[in-house]
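Each chain, letter by letter, is given below.
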Amino acid sequence: MTSRNLKSYDELNSLWFATLKQALPGKKFVYWDSCLTDADVVQFQTSSYSELNASKCKVILSPSDSTWLNLGLQPGTGKLIWTTMRANFNPFPAAIDRSRILGGEMLVWGEYVNDDVIDNVIWPRAAVIADILSTGVNKNNRETALVLRKAQVQLRALGIAAEPFGS
């Protein structure tokens, strides 16, 4: 950074993407929400969409309060259950024109996940968000519980020891 007189991570990030754009002309890039450009796609990881209003970029939703599947597994955060994930996730926030939303992505940060939780915790949680993304509807807890119960049966048939859907 010093040799290029860069003073911040944002400047380094901008240089990195400018270099990629030169090396791969005509390609679209996916940025985290800190790198908004109209020509590309932004993967937005917060539930505050005000920053996106000024931009015309396409959007992949991955808000940290609902689609990060390891939430509640970090020390001191308390257990996050699927009802909280469901309640927090809006597949079509009013602040963003629906035509700009490409979809959503669920994330898992590896430092909080191991073999003990990957199958029994992560897959059932993913089923909740996958249902919302595939139908475009955020169901109530009762309807979501039915979907999750069906997913649990399917996961167990595949040999995955999915946790009870009340978890």
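Participant: Talk me through the nonpolar core; I want residue IDs and the actual numbers.
Facilitator: One finds Val42, Phe44, Tyr49, Leu52, Val59, Leu61 and Ile96 to be the most contacted residues of the largest nonpolar core, which totals 23 residues. When residues of this core are traced back to their parent elements, those giving at least two are strand 2 (41-44), strand 3 (58-61), helix 3 (118-135) and helix 4 (141-157). Here this core takes seven residues from helix 3, the largest share from any one element. Ignoring sequence-local partners within four residues, the contact set of Val59 consists of Val42, Phe44, Leu52, Ile96, Arg100, Ile101, Leu102 and Gly103.

Participant: Help me get a handle on the sheet that holds strand 3, residues and values and all.
Facilitator: One open sheet holds the four strands; their spatial order is 1-2-3-4, and the pairing between them is parallel. Pairing within the sheet leaves two strands with one partner each, and these edge strands are strand 1 (30-32) and strand 4 (101-104). The mean angle between the axes of side-by-side strands here comes to 25°, regardless of whether they run parallel or antiparallel. With four bridges joining them, strand 2 and strand 3 adopt parallel strand pairing. Considered in strand 3, the bridge of Phe44 is made with Leu61.

Participant: Lay out the packing of helix 3 against helix 4 with the relevant residues and their values.
Facilitator: Contact geometry of helix 3 with helix 4 gives a least axis separation of 9 Å together with a crossing angle of 130°. The orientation of helix 3 relative to helix 4 falls into the category oblique. Judged by the sense of rotation from one axis to the other, the crossing of helix 3 with helix 4 is right-handed. Across from Trp123, Pro124, Ala127, Val128 and Asp131 in helix 3, the residues of helix 4 making contact are Thr144, Val147, Leu148, Ala151 and Leu155. Its residues placed into classes, the contact of helix 3 with helix 4 shows eight nonpolar, one polar and one charged.

Criteria and cut-off values
- Residues numbered from 1 in each chain as written.
- Predicted model: local features only at pLDDT ≥ 70, side-chain atom pairs only at ≥ 80, totals over all residues.
- Heavy atoms only, no water.
- Core = buried A, V, L, I, M, F, W, Y, C linked by side-chain atoms within 4.5 Å.
- Buried < 20%, exposed > 50% of the residue type's maximum accessible area, 1.4 Å probe, protein only.
- Helix = DSSP H or I, 4+ residues; strand = E, 2+ residues; numbered from the N terminus.
- Contact = heavy atoms within 4.5 Å.
- Pairing = 2+ DSSP bridges.
- Axes fitted to C-alpha atoms, helices over the stretch in contact; angles between N-to-C directions.
- Parallel < 35°, antiparallel > 145°, perpendicular 65-115°, else oblique.
- Left-handed = near helix turned anticlockwise from the far one by under 90°.
- Nonpolar A, V, L, I, M, F, W, Y, C, P; charged D, E, K, R; others polar.

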